[in-house]
Amino acid sequence: MLNTTYKIPFKKIQLLYSDLFGYSINESTIYTAGVHCYDNLEETEKVIKSKVTESDVAHADESGLRVLGKLFWLHTATTLDYTYLFVHEKRGGIALNSNKSVLNKIEGWLVHDCWSSYFNFKGLKHAICGAHILRELQGLIDSGGSKWAKTFKTFFMDIYLKPFDQRIEQMAEIKARYMKICSIGEKQEPPPYKPPGKRGRLKRTKGRNLVERLIREIDAVLAFAFNEEVPFTNNLAERDIRPVKIKMKVSNCFRTLAGAEIYARIESFVSTARKNNRNIFDELCN
């Protein structure tokens, strides 16, 4: 717990024990305690995974972390009451389709940040994080004063602030306005091009990529507008994965893959316990 949840390095845990009890705890004892906790939480993790897959709305996100000096990824599938985390060496489809992932078992809504690998799951309903869309629009506005992006941002925020009943009543008008602004964006953004002498796919600007994505994924972008259970942002998943950033700042990296997996399972349990207003230490002892 001290090393995973409270992000205290082994050396400082030893110093803490020395200050409190007059002797320093062995580093291997700290690690063994983590392994013991990891093993005992195996069944709890299975329950968490099943609860996430049964939820009407789940959130997904991923974040890079260093393991053995290499880039690995911490993935999350999370709900208002449960948090599941797992570590994988890949970010995309290989990880999301692995036996560690639960995304292929979800049948409800999945809120995510439009990472293309998520759209390979056809058995669920997709919702794109509105905050990510707003940040991309603001980036276009700041970099070049894009007129269509500014118009779309105002329109998008207007939908967000509109009462749900009005959104349903005005669904046809909202979708028509949406496509009209995107059509203007298509005309304003430079078309795909191929640099002279270069091979491969056509190049697209950030604005072109965004407007094409907005058109292609209109139902996922507007999922929050016409489905009351779908939130506007993916902040839940981002909050649940954020603690690993603090862990990386303190420890820089995990020395072993096993250590990273111990962290992920224990952090999943702690996050879930807190979401359900349970005392962490009481739950660990049960």
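So, here's what we can say about the structure. (Residues numbered from 1 in each chain as written. Predicted model: local features only at pLDDT ≥ 70, side-chain atom pairs only at ≥ 80, totals over all residues. Heavy atoms only, no water.)

**So, the side chain of D113**
What counts is decided by this rule: Only DSSP runs of H or I with at least four residues qualify as helices, and only runs of E with at least two residues qualify as strands; both kinds are numbered from the N terminus onward. Working definition: with a 1.4 Å probe on protein chains only, accessible area under 20% of the residue-type maximum means buried, over 50% means exposed, and in between means partly exposed. Here the positive residues are Lys and Arg and the negative ones are Asp and Glu; neither His nor the chain ends is included. The rule for a salt bridge is simple: a side-chain nitrogen of Lys or Arg has to be within 4 Å of a carboxyl oxygen of Asp or Glu. What qualifies as a polar contact is a pair of N or O atoms within 3.5 Å, subject to a donor-acceptor requirement within protein and to the restriction that residues adjacent in sequence count only when both atoms come from side chains. Should any heavy atoms of two residues lie within 4.5 Å, those residues are considered in contact.
Looking at the secondary structure, you find D113 in the loop between strand 4 (109–112) and strand 5 (125–128). Despite its burial, D113 pairs with no opposite charge; the closest candidate is R91, at 4.9 Å N-O. At a separation of 3.3 Å, a polar atom in the side chain of D113 contacts the main-chain amide nitrogen of W115. When neighbours within four sequence positions are excluded, D113 is seen to be in contact with D61, E62, Y118, C129, H132 and N234.

**Focus on the sheet that holds strand 3 (residues 83–88)**
Applicable threshold: Paired strands are those between which DSSP finds at least two bridges. Only the stretch in contact is used when a helix axis is fitted, and all axes are lines through C-alpha atoms; the angle between N-to-C directions ranges over 0 to 180 degrees.
Taken in spatial order, the five strands line up as 3-2-1-4-5 in an open sheet, and their pairing is mixed. Two strands bound the open sheet, and with one partner strand each, they are strand 3 and strand 5. Taking the axes of each pair of neighbouring strands and ignoring which way they run, one obtains an average angle of 25° across the sheet. Where strand 1 (residues 57–67) meets strand 2 (residues 70–78), nine bridges bridge the pair, whose relative direction is antiparallel. Residue pairing for strand 2: E62 is matched across the bridge by H75. Strands strand 1, strand 2 and strand 3 of the sheet are contacted by helix 3 (residues 42–54), whose axis makes an angle of about 110° with strand 3. Strands in contact with helix 13 (residues 243–251) are strand 1 and strand 2; relative to strand 1, the strand with the most contacts, it is inclined by about 10°.

**A closer look at the packing of aromatic side chains**
As a reminder, the rule being used: What counts as a ring pair is set by centres within 6.5 Å for rings of Phe, Tyr and Trp (its six-membered ring), and what kind of pair is set by the plane angle: stacked under 30 degrees, edge-to-face over 60, tilted for all other angles.
All told, the structure shown has eleven aromatic pairs when counted by the stated rule. Centre to centre, the rings of F152 and Y178 are 5.2 Å apart; their planes meet at 75°, and the pair counts as edge-to-face. Residue F152 is located in helix 6 (residues 147–161), and its partner Y178 is located in helix 8 (residues 171–188); the two are separated by 26 residues in the primary sequence. The exposure class of Y178 is buried, given its relative accessible area of 0%. For the ring pair F254 and Y263, a centre distance of 5.6 Å and an interplane angle of 50° mean the geometry is tilted. Relative accessible area serves as the criterion here: at 2%, Y263 is assigned to the buried category.

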